[in-house]
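# Examination of the molecular architecture
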Amino acid sequence: MNIAFVLYPQILATGVSIPVEMFHAAALAAGSRGASNLQLSFVAEQKGPVTVTAGLQLMAEFDFNDALDVDWLFIPPMWGSPWSVLRQQSALQSWIIKQYQQGCRLIATGTGVGHLAVAGLITDRVATTHWYYLPRFSARFPRVKFQKQHFITHQDGVYCAGSINAQTDLVLYFIEREYGPAALALVEQQFMHELKRTFSTPFYEPGGGIHDDEAVSVAQSWIRSHYAQVISIGQVAEAAGQSERQLRRRFERAVGESPQQYLLRVRIEVAQSLLRETNLLIIDIAAASGFAGSAYFSRIFKKQTSMSPGGYRTMVRNKRFSVGSAG
């Protein structure tokens, strides 16, 4: 898997450094196979150092003439007004078009979304950008379907994140899908304990999911609305207007996991959020998350995250910064 980052003047270095460190940690957590399959590439109009915000320099090892087989391309956000940069980066925008036409998935953050708009890659598609520039982007690019209420959007392999935090949430989502829950747990422990993750479906996209199966999207929505209850697959299938056999087959094809696995993932995420954000007892968190008893909850939670619920809570709270803690 080759994940590339395009470098150009005025970008925020954190739009590159944070996902690089997170993907690297996830690959290490996945073992030798994960590490060997990950390639991180840095591309610019010319090879060599690229000066970005605050005078920092990032090194481009490839230029737009190099033959690269890119799976995911990150387009970082800019600091300050983006308009002059957007006008001056036609070569970058042409290269992005070429990568997309070759099957690469695009992830643009903040004002970096402007490159997609100038390139015509989000014309008549949903998108988002930094809230401050969203009205001006909407006026300049009227055919882009900007979503004011959503920090992350996706359509046709083009992802947009409104901020660095939203990009980080999206990276976590990618890590779970590519490397599994154990790698996600490690990355979350090291990087993301302070964030409340809600990425069972983390973004807006037409059809409401990361696929085009409307019945499965209905089933996912129903599960997210009823996860705290005792749920049978028959109930989910009925809500989606499918037989159980049809739903299982369509769900696994569209989502890559069974309805039961999806339900468990939603419940674990809810439990993690409650452990981070509340002082509820473990038995109460188990009930609120849809688990039948604290012992069963603890066993399943540890199997999925490699930590007990109590250990997870202690870890995330010990890592929070506190004012005046430095000696």
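Notes on the structure follow. Please read all numbers here as calculations on a predicted model, not as lab measurements.

On to the sheet that holds strand E5 (residues 62-63). Spatial ordering of the open sheet is given by E5-E2-E1-E6-E7-E11-E10, a layout of seven strands whose pairing is mixed. The outermost strands of the open sheet, each flanked by one partner alone, are E5 and strand E10 (152-155). Pairing geometry for strand E1 (residues 2-6) and strand E6 (residues 72-75), over three bridges, is parallel. Following the sheet pairing, Ala-4 is matched in E6 by Leu-73. Relative to E1, helix H1 (residues 14-29) is tilted by about 165°, and along the sheet it contacts E1, strand E2 (39-44) and E6.

Membership of the largest hydrophobic core comes to 71 residues, with the highest contact counts inside it found for Phe-23, Leu-73, Ile-96, Leu-106, Leu-116 and Ile-175. Tallying contributions element by element places helix H7 (residues 164-179) first for this core, with eight residues. In contact with Leu-106, not counting residues within four places along its chain, are Leu-73, Ile-96, Tyr-100, Leu-116, Leu-121, Gly-157, Val-158 and Tyr-159. Val-255, Ile-285, Tyr-312 and Val-316 belong to the second largest nonpolar core, which has 31 residues in total.

A few words on the pattern of salt bridges. As enumerated under the stated definition, the model contains eight salt bridges in all. Asp-66 is the partner of Lys-47 in a salt bridge, and the nearest nitrogen-oxygen pair spans 3.1 Å. Note that Lys-47 is positioned in the loop between E2 and strand E3 (48-51) and Asp-66 in the loop between E5 and E6, a separation of 19 residues in sequence. Accessibility expressed as a relative area gives 23% for Asp-66, which makes it partly exposed. Put simply, Arg-265 and Glu-176 hold a salt bridge, and the shortest N to O gap is 3.7 Å.

Cut-off values and rules
Residues numbered from 1 in each chain as written. Predicted model: local features only at pLDDT ≥ 70, side-chain atom pairs only at ≥ 80, totals over all residues. Heavy atoms only, no water. Pairing = 2+ DSSP bridges. Helix = DSSP H or I, 4+ residues; strand = E, 2+ residues; numbered from the N terminus. Contact = heavy atoms within 4.5 Å. Axes fitted to C-alpha atoms, helices over the stretch in contact; angles between N-to-C directions. Core = buried A, V, L, I, M, F, W, Y, C linked by side-chain atoms within 4.5 Å. Buried < 20%, exposed > 50% of the residue type's maximum accessible area, 1.4 Å probe, protein only. Salt bridge = Lys/Arg side-chain N within 4 Å of Asp/Glu carboxyl O.

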